[in-house]
Amino acid sequence: MEAIFDNFDAVLKGFGYTLFLFLVCAVVSLVLGTILVAMRVGPIAVLSRAAAVYVTLVRNTPLVMVFFFFHFAGPKIGINFNWVDVHVGGFDFTSAFSTAVVALSLYTSTFVCEALRSGVNSVPLGQAEAARAIGLPFTGTMTEVVLPQAFRASVPPLASTLIAMLKNTSVAGVFYLAEALATMRGFTKDYADQRWGILISFAIGYIILVEVVSLIAHRMERRWRIA
Amino acid sequence: MAGSVLFDAPGPVTRARHRVYTLVASVAILAVIAFAVWRLQADGQFEYDLWEVFFTPDYLSAILEGVLITVSMAVFAVIGAVLMGLVLGVAKLSDHPVIRWPAWAVVEFFRAMPVLLLMTFFFFAYFISVEREVLFIPEESWGGFLSVIVALTLYNGAVLAEVFRAGVNAVPKGQAEAAYAIGMRKTQVMTTILLPQAIKIMLPAIISQMVVALKDTSLGYAVAAPGLTYIGNQIMLEFRNHVPTVLVIATIYVILNLVLTWLATLVQKRLVGEKKPLEVPMVGEANTGGTPL
């Protein structure tokens, strides 16, 4: 276990990158996913179909291929993030980080879209009809009846999506971001004799992060549960 | 759009407005596509040189071999995962805490971990120096091949354990009660009454898990495992045709996955009928008990 304790600052820094990546991607993919679902369930057939095609394509592409695109193909056609150069504390947010954010967010937003859509689909049609019947206008129907229920119903699938995304941040480690997985990779190479200790330490790190996210999701779910 | 919970059926004014929106949206979408095509053209990505490799029989057969390896990694992993899931799922339903709790711990541990973590670990800790030529796998990639299969088996096995548990719970209670009533033992009830019915319900979920496994085989890129991603990488390195290669390889993955999804829907219609498919809880929601069907 000396490998872990002697290099504990490196471990912390790795998980720090993981956490930053998770937080930034969570915000970006929630925003993108909301835009996608608005197109998807909206009344304009063209937009709905375009969003459906995009979601189907990206959902079925492996995340590694999305990273491939932004890492290898992107720079060839002028998509690059070399202009990003932010340093906060000991953390560098440069092109490796931005590439990871873009790839991971584009990928996750399609799953966010599906999670939100399942929430909207879970609201029975009768609810809206009843709201109209008692004379609520469109805004009233939406804000008082439909959206609150849709929002509550989509908390569990959204949480699953975010947890999957948290685990997916590890892919960025393969593409030159020194997050937790990349740190572990270095350790297993250098201290092969302590491999089980290393695996278990990093696994516990990920499990703690995952449990925190699922705990928050549980709290929200319980608070907003439909009576 | 009639029948949507979000909107009223549109009247004439709204329909006219929607037509305008449709026009604007179509123009915008076409503009985006046109811009992308123009960009690719301007950078010379449509030149035959860059695409030639995908019309060369030798490389086509290499890509086909990549597809074969990718699919076989997914198949091996899913077979392993089904066996592991079966054992752990049944163990989680056991009446004895001594069996139930370790199974629970194993499932939770492997589900909360990134697959890539397992893959990297097994590769660098065990398989890095394994070199053996087996079947159609090149000698130097056997280690990567093994790490991918082991990691995917452990991860998907843990996920499938939950599927199995949910599947067994989804079999109507009366079935088990009736079996006990005619004097069957616990093991008999599980193997002859519950599991056969549960597997029928679970089949679509297992096939969708295959889509996940197939997508995740691409993570093998990190451990130099053979397969589509690896072939793509080799082609990119040799011909420096990054854009066409990524597009072609991604398209193959999408097609494979869509075929599998289509198969899952077909099986679902055949075996489960119009009932809601089995939903698998993710990490964190697992302890709340069986998913209601």
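Given the structure is predicted, the values throughout are model-derived calculations rather than measurements.

Asks: Mind showing me how you'd approach the overall build of chain B here?
Replies: Counting its secondary structure elements, chain B contains 10 helices and 0 strands. The order of α-helices and β-strands along chain B, N terminus first, is α-α-α-α-α-α-α-α-α-α. In chain B, which comprises 293 residues, the proportion classed as buried is 48%. Here the contacts in chain B between residues at least 6 apart in sequence split such that 75% fall between residues at least 24 apart. Split by element, the accessible area of chain B, about 14,700 Å² in all, is 68% carbon and sulfur.

Asks: What should I look at first to understand the UniProt feature "domain: ABC transmembrane type-1" (unreviewed entry) in chain A in this one?
Replies: Within the UniProt annotation, "domain: ABC transmembrane type-1" (unreviewed entry) is assigned to residues 15-217 of chain A. What you have in residues 15-217 of chain A is 75% helix and 3% strand, and the ends, taken at the C-alpha atoms, are 21 Å apart.

Asks: How do you make sense of the side chain of S94(B) when you look at a structure like this?
Replies: Residue and element names in this part refer to chain B. Summarising the element assignment, S94 is placed in the loop between α3 (57-92) and α4 (97-111). When its relative accessible area of 15% is taken as the criterion, S94 is described as buried. Filtering out sequence-adjacent residues up to four positions away, S94 remains in contact with I99 and R100.

Asks: Which parts of the structure should I look at to understand the nonpolar core?
Replies: One recurring pattern in soluble globular proteins is that nonpolar side chains are buried together. Counting residues in each nonpolar core, the largest one holds 136 residues, and the members touching the most others are L21(A), F202(A), L117(B) and M119(B). With residues up to four places along the chain from it excluded, the contact list for L21(A) reads F97(A), A100(A), V101(A), L104(A), T169(A), A172(A) and L177(A).

Asks: When you look at the UniProt feature "transmembrane region" (unreviewed entry) in chain A in this model, what are you seeing that I'm missing?
Replies: All names here are of chain A. The positions that UniProt labels "transmembrane region" (unreviewed entry) are, in the present scheme, residues 15-39, 51-73, 93-113, 158-178 and 198-217. Regarding residues 93-113, the helix share stands at 90% and the strand share at 5%, and the terminal C-alpha atoms are separated by 27 Å. Along residues 158-178 the backbone is 52% helical and 0% strand, and the end-to-end C-alpha distance reaches 27 Å.

Asks: Could you clarify how one ought to interpret the pattern of salt bridges in this entry?
Replies: In a structure, side chains of opposite charge can pair up when their charged atoms sit close to one another. Going through the model one piece at a time under the given rule, you end up with 6 salt bridges over all chains. For the salt bridge of R117(A) with E114(A), the shortest nitrogen-to-oxygen distance reads 3.4 Å. With R117(A) and E114(A) both in helix α5 (residues 95-121) and 3 residues apart, this pair spans about one turn of that helix. Take R117(A): its relative accessible area is 22%, and that puts it in the partly exposed class. Linking D95(B) and K186(B) is a salt bridge whose minimum nitrogen-to-oxygen distance equals 3.1 Å. With D95(B) in the loop between α3 and α4 and K186(B) in helix α8 (residues 186-216), this residue pair connects regions lying 91 residues apart in the sequence.

Asks: Hey, could you run me through the interface of chain A and chain B in this one?
Replies: Interfaces are often sized by the accessible area lost when the parts come together. At the junction of the two partners, chain A supplies 58 residues and chain B supplies 55 residues. Roughly 5,300 Å² is buried in total at the junction of chain A and chain B, and carbon and sulfur atoms are behind 75% of that figure. Area buried by chain A at its contact with chain B is led by N60(A), I77(A) and K167(A), which between them contribute 12% of it. Along the contact surface separating chain A from chain B lie 7 residue pairs in polar contact (both at pLDDT 80 or more). Taken together, the elements giving at least two residues each to the side of chain A that touches chain B come down to α3 (45-59), α4 (63-73), α5, α6 (125-133), α7 (138-153), α8 (155-168), α9 (180-190) and α10 (195-223) of chain A.

Asks: Could you clarify how one ought to interpret the packing of α3(B) against helix α9 (residues 228-239) of chain B in this entry?
Replies: All names here are of chain B. It is the contact of α3 with α9, at a shortest axis distance of 7 Å, that shows an interaxial angle of 150°. Classed by the angle they form, the pair α3 and α9 counts as roughly antiparallel. Seen from α3, the contacting residues are Y59, A62, I63, G66, V67 and T70; seen from α9, they are L228, I231, I235, E238 and F239. Across the contact of α3 with α9, the residue classes tally to 8 nonpolar, 2 polar and 1 charged.

Rules of the game
- Residues numbered from 1 in each chain as written.
- Chains lettered and ligands numbered in written order.
- Predicted model: local features only at pLDDT ≥ 70, side-chain atom pairs only at ≥ 80, totals over all residues.
- Heavy atoms only, no water.
- Helix = DSSP H or I, 4+ residues; strand = E, 2+ residues; numbered from the N terminus.
- Buried < 20%, exposed > 50% of the residue type's maximum accessible area, 1.4 Å probe, protein only.
- Contact = heavy atoms within 4.5 Å.
- Areas by Shrake-Rupley, 256 points an atom, 1.4 Å probe, with all protein chains shown as cover.
- UniProt positions renumbered as here; feature names shortened; annotations may be inferred.
- Core = buried A, V, L, I, M, F, W, Y, C linked by side-chain atoms within 4.5 Å.
- Salt bridge = Lys/Arg side-chain N within 4 Å of Asp/Glu carboxyl O.
- Buried area = accessible area lost by both parts, 1.4 Å probe.
- Polar contact = N/O pair within 3.5 Å; in protein donor to acceptor, adjacent residues only side chain to side chain.
- Axes fitted to C-alpha atoms, helices over the stretch in contact; angles between N-to-C directions.
- Parallel < 35°, antiparallel > 145°, perpendicular 65-115°, else oblique.
- Nonpolar A, V, L, I, M, F, W, Y, C, P; charged D, E, K, R; others polar.

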